[in-house]
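# A closer look at the structure
Listed below are the residues making up each chain.
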Amino acid sequence: GPDEPSKTMEEFLFWKTQRVPQFGDEQTSLKQGPIDAKVTLADISKEPVNLSRNIQGFEWCTMDSSNDDHLEEIYTLLNENYVEDLSSMIRFDYSKEFLKWAISPPGTKSDWQVGIRAIVSKKLVAFISAVPLHLKINTAEVESVEINFLCVHKKLRSKRLAPVLIKEISRRVALYEIWQALYTAGVVLPKPIATARYTHRPLNWDKLHDVGVVAVPEGVSEETMKSKYVVNKKQNLKYVPFSEEYYEETAILFKQHNQRYKLQHIFKTKEEFLHQFLPIKNVLSSFVTLNDEGKVTDFISYYILPFNVLGEKHKTVETLKVAYLFHYCSDCASTLDNDRSLSARLGLLIQDMLTDAFYKKKCDMFNCLTTQDNGLFIENENFNMGSGFLNFYLFNYFTEKINGGVSKITKD
Ligand code: NHW
């Protein structure tokens with residue numbers, strides 16, 4: 001299955017030493033909670049992890065995404081070395097504005113953007129980041145961090161720098177007495193607490209076909225495919241961009257709706273909520289729908305990620321713009337027949353987001369995961385199951401596998 005490891009637990013030379021659930025410990029009677037609850041600040045080194053055992057001529061640095069030069073360096077490292085699709089056809093091209101939004105939410109600590117530089121040239125060759133995260137796992141609230149944007153320059157791969165970066169960020173997080181983390185990855189590591197699949201809804205069929213990320217199935221005409229993916233010109237519902245004035249109502253709705261899920265991101269302050277959900281040009285689109293009395297009935301958002309098209313063949317098309325469904329909530333989620341009314345409402349909301357993404361934001365594709373209640377519309381709205389999976393992990397925390405019921409979204 002998609003969450004099966006490609007090697008034995010013994011072969012995870014790094015991960016078998018870490019406070020994470022191990023493959024093969026299914027039989028243990030661990031209860032939900034920290035794997036090691038005894039570690040204290042006194043156990044944490046005040047010195048950075050030793051780098052020179054792995055590579056010579058490099059040093060740790062602390063990056064600051066509010067510094068434009070630093071942001072440019074992080075952007076360039078990721079742009080050239082971050083995640084590619086399986087056949088190296090496309091690579092993420094997170095914009096600078098996106099990165100800034102993702103790695104500096106309220107409460108971020110100044111030493112949680114960690115880099116490695118060449119001592120002489122000062123070139124940035126590796127990166128990892130942490131941001132604060134209030135998690136709710138079943139009924140427990142867990143103060144944690146989210147780890148993302150782990151990246152090692154292509155020329156420095158397989159030198160065990162990833163474990164060194166992970167140990168260093170763990171140390172820097174622990175200095176604030178935070179002992180749990182959430183992270184997601186396409187690769188299977190010990191041991192996923194949930195696995196979701198990517199689904200893709202073509203918007204600009206011609207362009208996607210040209211790049212080669214969609215294909216016409218045998219025996220089907222290109223016209224048939226194109227007509228299948230036509231996007232409505234007109235929206236079903238009335239929207240206003242989400243703004244501060246809708247905060248109170250939306251936050252209440254959000255909290256109610258999210259009770260449906262077992263793994264969720266909780267927003268404790270207005271500042272946190274607004275940071276995640278206020279629209280940002282070319283990065284985040286977010287809307288509320290209002291009823292006749294002007295009351296907020298739904299909230300929906302998606303973020304935009306550009307991709308670089310790799311390879312000589314596609315000189316004419318350089319980037320793809322992909323929309324990713326982000327958080328949403330609806331007052332339908334608390335009605336009696338909630339699945340049925342939520343399903344109908346989500347259908348309308350999603351169609352409208354396709355319209356906005358395609359006609360207004362010029363996106364080429366709309367992606368969503370099989371998380372939240374997305375199963376209610378994926379098929380009807382022509383989202384196709386993709387080849388990629390996203391595994392969810394918790395560091396130093398044990399919980400039963402969560403099948404369905406994930407609403408936490410990481411920005412990848
Ligand atoms: S997932 C995206 C990760 N980034 C990329 O895929 C970018 C392109 N690839 C690279 O830059 C989202 C390199 O290939 C990387 C590995 C850096 C991935 N997560 O240095 P070595 C995130 O950012 C293990 C965790 O020689 P490399 C989430 C691998 O299994 N571990 O490999 C990040 C092996 O360990 P093993 C990963 O190719 C979450 C070891 O690394 C991994 O040169 C981080 C090999 O290292 C991955 N994505 O560099 C965890 N990929 O046990 C946070 C490989 O098998 C944990 N590995 O021997 C929490 C910490 C905070 C706690 C606080 C309480």
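Residues numbered from 1 in each chain as written. Predicted model: local features only at pLDDT ≥ 70, side-chain atom pairs only at ≥ 80, totals over all residues. Heavy atoms only, no water.

## What to know about the packing of aromatic side chains
Going by this rule: Between 30 and 60 degrees the pair is tilted, below 30 it is stacked and above 60 it is edge-to-face, where a pair is any two Phe, Tyr or Trp rings, Trp via its six-membered ring, whose centres lie within 6.5 Å. Strands here mean DSSP runs of E at least two residues long; helices mean DSSP runs of H or I at least four residues long; both are numbered from the N terminus. Only protein chains enter the accessibility calculation, which uses a 1.4 Å probe. A residue is then buried if its area is under 20% of the maximum for its type, exposed if over 50%, and partly exposed in between.
Summed over the entire model, instances satisfying the criterion amount to 37 aromatic pairs. Centre to centre, the rings of Tyr94 and Phe149 are 5.0 Å apart; their planes meet at 85°, and the pair counts as edge-to-face. Taken as a pair, Tyr94 in the loop between β2 (90-92) and α2 (96-103) and Phe149 in strand β5 (residues 140-152) lie far apart in primary sequence, 55 residues in all. Side by side, Tyr94 and Phe149 carry an identical accessibility label, which is buried. Ring geometry for Tyr239 against Phe287: centres 5.7 Å apart, planes inclined by 70°, an arrangement best described as edge-to-face. Of this pair, Tyr239 sits in strand β8 (residues 239-241) while Phe287 sits in strand β10 (residues 284-290); the two residues are 48 residues apart in sequence, bridging distant segments of the chain.

## Details of the environment of Leu150
Under the convention used in this document: When checking whether two residues touch, look at their non-hydrogen atoms; a contact exists if any pair is within 4.5 Å.
Mapped onto the fold, Leu150 is located in strand β5. Using a relative accessible area of 33% as the deciding quantity, one classes Leu150 as partly exposed. In this structure the C-alpha to C-alpha distance between Leu150 and Gly115, which are 35 residues apart in sequence, comes to 9.7 Å. Excluding its chain neighbours within four sequence positions, the residues that come into contact with Leu150 are Tyr82, Phe127, Ile128, Ala162, Leu165 and Ile166.

## Structural notes on the domain arrangement of the chain
Many descriptions give the size of an interface as the accessible area lost when the pieces come together. What counts is decided by this rule: Each domain span listed reflects an automatic or database assignment of domains. The term buried area means the drop in 1.4 Å probe accessible area that two parts suffer when joined, counted for both and summed. Counted as salt bridges are all cases of a side-chain nitrogen of Lys or Arg within 4 Å of a carboxyl oxygen of Asp or Glu. Here a polar contact is recorded for every N or O atom pair within 3.5 Å, except that within protein the pair must consist of a potential hydrogen donor and a potential acceptor, and residues adjacent in sequence are included only if both atoms are side-chain atoms. Each residue receives one of three labels: charged for Asp, Glu, Lys and Arg, nonpolar for Ala, Val, Leu, Ile, Met, Phe, Trp, Tyr, Cys and Pro, and polar for the others, Gly being one of them.
Domain assignment breaks the chain into domain 1 (9-182) and domain 2 (195-395). When each unit is reduced to the centre of its C-alpha atoms, the spacing between domain 1 and domain 2 is 27 Å. At the junction of the two partners, domain 1 supplies 35 residues and domain 2 supplies 31 residues. A combined buried area of about 3100 Å² lies between domain 1 and domain 2, and 65% of that area is made up of carbon and sulfur atoms. Between domain 1 and domain 2 we count two salt bridges in total. Measuring nitrogen to oxygen at the nearest pair gives 2.9 Å for the salt bridge that ties Glu141 to Lys268. Run the count over domain 1 and domain 2 and you get 10 residue pairs in polar contact (both at pLDDT 80 or more). It is strand β4 (residues 124-137) that provides the largest number of residues to the side of domain 1 that touches domain 2, a total of five residues. Looking at side-chain class alone, the side of domain 1 that touches domain 2 contains 18 nonpolar, nine polar and eight charged residues.

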